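Examining the three-dimensional arrangement
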Amino acid sequence: MTFRTLIPATSALIALSLLAPHASAQFWKRKKPQGMAPETANRLVEAILADARPTPEFPEIEVAPLPPREPSLFTGRNPTAPPATQAQRAIREADRHFQYGKFFIQEGKLDEARREFDLAIETLFELPATLPGRDQVERKAEELVRSIHRYDLESLGVGVSPDDPAFPVSPLEEILDLTFPIDPRLKGRTLAEVQMAQSQLPLVVNDAVLSYINYFTSTRGQRTLLNGLKRSGRYRDMILRIFAEEGVPREMIHLAQAESGFMPRALSPKAAAGMWQFIRKTGQDYGLRQGTQHDDRLDPEKATRAAARHLRDLYGLTGDWYLAMAAYNCGPYCVERAVQRTGYADFWELHRRNAIPRETRNYVPAILAMAIVSRNLEAYGLQPLEPEAPLRYDTIHVSADTNLGLIADAADVPVTDIRELNPALIRSVAPANYDVRVPAGQARSVVAAIDAVPEDKRAAWRLHRLSSSDTLASIAKQYSTAANSILAANQVDPSFFESPEDGEVLLIPAAPAKAPTVQRRAPVRRAAARRAPAKRAATAPKPAAARK
């Protein structure tokens, strides 16, 4: 029997995401040698166990005896009706190749995995463009490309470790540090667009705004704008819902575009973090908890709620949304001092008098330009990118420290998917009493799988889905653990691996990951370096003409 015949094609994609309905599900079953006397079988098992001592490179992990449980198999849904159209048949075939690729990754056969992933995509791309149901095929192709890319990051050797979360740099510093010319042809068109538009935030068109419209319609600027708008598809519905609940104009969503490009893990040189770029103190003021294991400033939903309340409070202090945006950038006391010094509680008057920092003078026009151009990209000669699909997820509560790899195993997704849903988690372990997001529709099955693992082991242990080519030795090697530890954790004997069934799940008593050693370097004193030339210039002798 070949490997491929072991997986029904009609349920390849969905069979791995369902567990038996019992909350106390156990994902193993005991097997014994058959066709021989009980005494002979017992002697055989004892002999095999005696030879299955752990190799020196994998220390044996102590496993306490687990209470007996009723066996419960890892089963899928009832077979669905056969696909009726060519597009449906192609999607089914692509799913089958994708599942083969996942199994090959688990077995360490990376070349075979790449081949199957390529076949999955080619099956869809080779269909005629005029085929009925083509839109469904393209959505499926995009979904598979994203999933395969995540497996590329983790398993296929592109050099990115899933245990090292990426922290991109905020684009704000670059945007606000530039000056741009004004295209006079834009003014009439923009005025007409603004006059016809209905917005919750007053939209002003002046030279400062026009200069940023010119930038965001240029080759360099439109890349920043369009990529941010594409990423915004993940969070737009959530942000607009929270803004409506908190009484914040919907156009304020472009603050996140300017601050982070809608990247939840964005960091700035000024130690601001997250989609809304909260500094530590302001985040704490609005209930965003920060610690060694998680940082709520990186949580899109929690940070959006905090940003909405912060903006609403700033509006209450200043009485003007433009001044509220300025205060969001430079702080309320900076704006308050500028108003007291000039006597004008008007952003554009403070802008004209240079009463606020240069960065803040550019901040509000940049956001207004984004809001104006984004309303009608085609009118400014821009081709919109397809926005990313909104994030859909369920939430589970973990009662003990839980390894993200264990959660990913239970959901049958790459660890990257779990990290993407939980960007606030800094480490690879979710702390006890933390709410973890999992793929939509999988909360019940994930909880059932995690419950099969003892609470004090969840920070390290994993789950492994069996395939027909698995052996006890190969599984032990894959997870760097001892064979005897696997047998003890699952209450099975070595004969269990003589004819493993695809889809059954084993507990893997993996050892806790060692904390990485961080080598700290002496900080570079850039501020002092910047001040040095100015100090030398101030003390240098003046030219004769200047002294006069």
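Residues numbered from 1 in each chain as written. Predicted model: local features only at pLDDT ≥ 70, side-chain atom pairs only at ≥ 80, totals over all residues. Heavy atoms only, no water.

1. Quick look at the overall build of the protein
Spelled out, the test is: Each helix is a run of DSSP H or I of at least 4 residues and each strand a run of E of at least 2, with the numbering of both proceeding from the N terminus. Partly exposed residues are those whose accessible area sits between 20% and 50% of the maximum for their type, while under 20% is buried and over 50% is exposed, using a 1.4 Å probe and protein chains only. Any two residues having at least one pair of non-hydrogen atoms within 4.5 Å are treated as being in contact. Exposure was quantified through the Shrake-Rupley algorithm and a 1.4 Å probe, taking into account, for residues, occlusion by the shown protein chains and nothing else.
When its secondary structure is counted, the protein shows 23 helices and six strands. Expressed as a percentage of the 548 residues in the protein, the buried residues total 48%. If you take every contact in the protein between residues at least 6 apart in sequence, the share linking residues at least 24 apart comes to 74%. Counting every atom, the protein has about 28500 Å² of accessible surface; 52% of that belongs to carbon and sulfur.

2. Some thoughts on the state of the cysteines
Condition: Any cysteine sulfur atom paired with another within 2.5 Å is treated as part of a disulfide.
For the structure shown, the criterion picks out zero disulfides. Cys330 carries a free sulfur, and the closest cysteine sulfur to it, the one in Cys334, is 3.4 Å from it.

3. Some thoughts on the pattern of salt bridges
Heads up, the rule is: A pair is scored as a salt bridge if a Lys or Arg side-chain nitrogen falls within 4 Å of a carboxyl oxygen belonging to Asp or Glu.
Considering all chains together, one arrives at 20 salt bridges under this definition. Of the charged contacts in the structure, one is a salt bridge between Asp295 and Arg297, with a shortest N-O distance of 2.8 Å. Assigned by exposure class, Asp295 and Arg297 land together as buried. Taken together, the salt bridges that share partners define one network made up of Arg241, Glu245, Glu246, Asp299, Glu301, Arg305, Arg309, Arg312 and Arg437.

4. Examining the pairing of strand β6 (residues 505-508)
Note the cut-off: A strand pair is defined by DSSP finding two or more bridges across the two strands.
Neither face of β6 is left uncovered, since the one carrying Val505 and Leu507 and the one carrying Leu506 and Ile508 both have all their residues buried. Note: strand β5 (residues 462-465) against β6, four bridges, orientation antiparallel. Paired with Arg462 across the two strands is Ile508, which belongs to β6.

5. Comments concerning the environment of Val413
Mapped onto the secondary structure, Val413 falls in the loop between α17 (404-411) and α18 (415-421). Overall, Val413 belongs to the buried group, its relative accessible area being 16%. Linking Val413 and Lys102, residues 311 residues apart in sequence, is a C-alpha distance of 9.6 Å.

6. Details of the side chain of Asn329
Going by this rule: Nitrogen and oxygen atoms within 3.5 Å of one another constitute a polar contact, given that in protein one can donate a hydrogen and the other can accept it, and given that sequence-neighbouring residues count only through two side-chain atoms.
Mapped onto the elements of the fold, Asn329 is located in helix α13 (residues 321-330). In this structure Asn329 comes out as buried when scored by relative accessible area, which is 17%. Here Glu359 takes part through its side chain, which lies 3.2 Å from a polar atom of the side chain of Asn329.

7. Re the pairing of strand β4 (residues 434-439)
Among the six residues of β4, five are classified as buried, and the element is accordingly described as predominantly covered. Of the pairings in the sheet, the one linking strand β1 (residues 393-398) to β4 comprises six bridges and is antiparallel in character. For Thr395, the partnering residue across the bridge sits in β4 and is Arg437.

8. Description of the confidence of the model for the protein
Heads up, the rule is: pLDDT is defined as a per-residue confidence score from the predictor, taking values between 0 and 100.
Of all residues in the protein, 69% attain a pLDDT of 70 or more, and the chain-wide mean is 76. Per-element mean pLDDT across the protein ranges from 36 in helix α23 (residues 544-547) up to 97 in helix α9 (residues 236-246). A low-confidence stretch, residues 66-80 (pLDDT under 50), is modelled with 42 contacts involving residues beyond four sequence positions or located in other chains. Taken together, the stretch residues 516-548 has pLDDT below 50 and engages in one contact with residues farther than four places along the chain or on a different chain.

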